Amino acid sequence: MEIVSIPTSSIDNKEKIRIIKSEVSRINEVDFNNIAFGKVFADHMFLSEYKDGIWKNHRVQPYGNLSLSPAISALHYGQAVFEGMKAYKDLEGNVKVFRPHDNFIRFNKSAERMCMPQLPEDLFMEALDDLIALDAAWVPAIEGCALYIRPVMFATTAEIKVKSSEEFIFAILTCPVGPYYPEPVKVIVENHYARAMEGGIGFAKAAGNYGAALYPAKLAQDKGYHQLIWTDAKEHKYIEESGTMNIMFIIDGALHTPSLESKTILEGVTRDSVLRLARDLGLEVIERRILVEEVMEGIKTGALTEAFGTGTAATIAQITTIGYKGHDFELPPINNDSLSSVLLNNLNDVRTGKVHDKFGWMKGIS
Ligand SMILES: *Cc1c(COP(=O)(O)O)cnc(C)c1O
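Model, not experiment: these values are computed from the prediction.

Caption draft 1: Structural context of the domain arrangement of the chain. For the chain, the assigned domains read domain 1 (18-177) and domain 2 (185-351). The C-alpha-based centres of domain 1 and domain 2 are spaced at 27 Å. Counting residues at the interface gives 19 residues for domain 1, matched by 21 residues for domain 2. With both chains or domains summed, domain 1 and domain 2 bury close to 1800 Å², and 60% of this area falls on carbon and sulfur atoms. The three residues of domain 1 that bury the most area against domain 2 are Phe98, Arg106 and Arg113, which together make up 32% of that side's buried surface. At the boundary of domain 1 and domain 2, one finds two salt bridges. Note that Asp272 and Arg99 form a salt bridge whose closest N and O atoms lie 2.8 Å from each other.

Caption draft 2: Summary view of the packing of helix α2 (residues 100-113) against helix α3 (residues 121-134). At a minimum axis distance of 11 Å, the contact between α2 and α3 shows a crossing angle of 135 degrees. Classed by the angle they form, the pair α2 and α3 counts as oblique. Both α2 and α3 take part in a crossing whose hand is right-handed. Side by side, α2 and α3 meet where Pro100, His101, Phe104 and Phe107 of the first sit next to Glu121, Phe124, Met125 and Leu128 of the second. Per-class residue counts for the contact of α2 with α3 are six nonpolar, one polar and one charged.

Caption draft 3: Geometry of the environment of Asn346. Its location among the elements puts Asn346 in helix α7 (residues 339-351). For Asn346, a relative accessible area of 23% translates into the label partly exposed. Through-space distance from the C-alpha of Asn346 to that of Val274 is 9.1 Å; in sequence the pair is 72 residues apart. Contacts of Asn346, omitting those with residues within four sequence positions, involve Leu277 and Leu281.

Caption draft 4: A look at the packing of helix α5 (residues 269-280) against α7. Orientation of α5 relative to α7, taken along the N-to-C sense of each, is 105 degrees, at an axis distance of 10 Å. Here α5 is positioned roughly perpendicular relative to α7, judged by the angle of their axes. Across the interface between the two elements, Thr270, Ser273, Val274, Leu277 and Ala278 of α5 pack against Leu343, Asn346 and Leu347 of α7. Per-class residue counts for the contact of α5 with α7 are five nonpolar, three polar and no charged.

Caption draft 5: Region of interest: the nonpolar core. Counting residues in hydrophobic clusters, the biggest one holds 52 residues, and the most contacted among them are Phe46, Phe124, Ile132 and Met153. The biggest single contributor to this core is α3, with seven residues. When residues of this core are assigned to domains, at least three fall in each of domain 1 (18-177) and domain 2 (185-351). When near neighbours in sequence (up to four residues on either side) are disregarded, Ile132 contacts Ala87, Val95, Val139, Leu147, Ile149, Thr174 and Ile365. Counting residues in each nonpolar core, the second largest holds 24 residues, with Met245, Phe249, Ile251 and Phe329 among its members.

Caption draft 6: Structural detail: the site of the ligand. Around the ligand sit 14 residues in total, of which Lys205, Tyr210, Glu241, Thr270 and Thr312 are the nearest. Between the ligand and Glu241, the relevant distance is 2.5 Å, taken from a nitrogen atom to a side-chain nitrogen or oxygen of the residue. Within the backbone of Thr244, a nitrogen or oxygen atom sits 3.4 Å from a nitrogen atom of the ligand. Expressed as a share of its isolated accessible area of 380 Å², the protein-covered part of the ligand is 97%. Of all elements in the fold, only β12 (245-251) and α5 reach the threshold of two or more residues within the shell around the ligand. Residues that form the shell around the ligand fall into these classes: four nonpolar, six polar and four charged.

The rules behind the values
- Residues numbered from 1 in each chain as written.
- Predicted model: local features only at pLDDT ≥ 70, side-chain atom pairs only at ≥ 80, totals over all residues.
- Heavy atoms only, no water.
- Domains from an automatic or database assignment.
- Contact = heavy atoms within 4.5 Å.
- Buried area = accessible area lost by both parts, 1.4 Å probe.
- Salt bridge = Lys/Arg side-chain N within 4 Å of Asp/Glu carboxyl O.
- Axes fitted to C-alpha atoms, helices over the stretch in contact; angles between N-to-C directions.
- Helix = DSSP H or I, 4+ residues; strand = E, 2+ residues; numbered from the N terminus.
- Parallel < 35°, antiparallel > 145°, perpendicular 65-115°, else oblique.
- Left-handed = near helix turned anticlockwise from the far one by under 90°.
- Nonpolar A, V, L, I, M, F, W, Y, C, P; charged D, E, K, R; others polar.
- Buried < 20%, exposed > 50% of the residue type's maximum accessible area, 1.4 Å probe, protein only.
- Core = buried A, V, L, I, M, F, W, Y, C linked by side-chain atoms within 4.5 Å.
- Near = heavy atom within 4 Å.
- Polar contact = N/O pair within 3.5 Å; in protein donor to acceptor, adjacent residues only side chain to side chain.
- Areas by Shrake-Rupley, 256 points an atom, 1.4 Å probe, with all protein chains shown as cover.

Encoded structure:
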């Protein structure tokens, strides 16, 4: 493997974003009350290209296929990172994006780990602004729905050699979406496969993490579970995440969640938001290593009353059942007073503008 210098350009050449509008909108073909997650794309997408150390040729253009060499290194060596965030319509119909700056920071952290160039903040934010403003009609005004925003960066140098690419594309796609899990979820503790190990890329939203998770997730789905609970790669003793969500437990009335120290856990924006809302409600929040055995014991004794996943796509996914060593452990039923329901409602109220956004999470679109 050849050692190359890391492309670290954050030069913003201040080139303007060109807007190429689609001649016809596809919006009337979409049934907003019944959308499959991630299959319907809004009219436009954003694209920018990195070459010779700078990002250039920024444009918003009609959503459509790209023409690329089959030799691009993203395909062969997995140099690709992405993000996920959502735009909402508030009660007055204003479009706002939830905490995009946090996603921007994480995008660049992921890019650094994958030896990819940094993206200038202005470019990320202006691209988002121009794209969402143009496709504002695609932001559903329906409760539980949102416009899912998918920034992605991938390596486009066409060269069959393991080394960092010199060229990249940054794109933003958007999809109107409904609820990710229409019902509470059944999960199973994974004690063979691992998602991430220390020193690896677990903290990055790097494409390869997800490809590697598909097979263990499929095995779990074949057994009737929606998702896995990932455990640490060394001993499978400690809880890490659930699928592509962070995981939280209510034990003796306090909120417990795995701490981020190991760097094998993705630092979720939803995780941080839920922890802040929980502290704001006066709940005790404890970030620490959590033993699988402790969770199973908590279910048996009744000390553990709730378990849920947090993530942009699903927001809060309440867990009803945890499979472990061949047995299914049922959690107590969830109702509107459950802490996870209260936290979910509080989060939704901020997003839809029903309550004051005291943390300054919502960013308007100009
Ligand atoms: C994206 C993701 C999350 C959730 O992060 P959010 O910022 O809340 O969407 C959690 N775990 C993994 C592995 C993820 O990819």
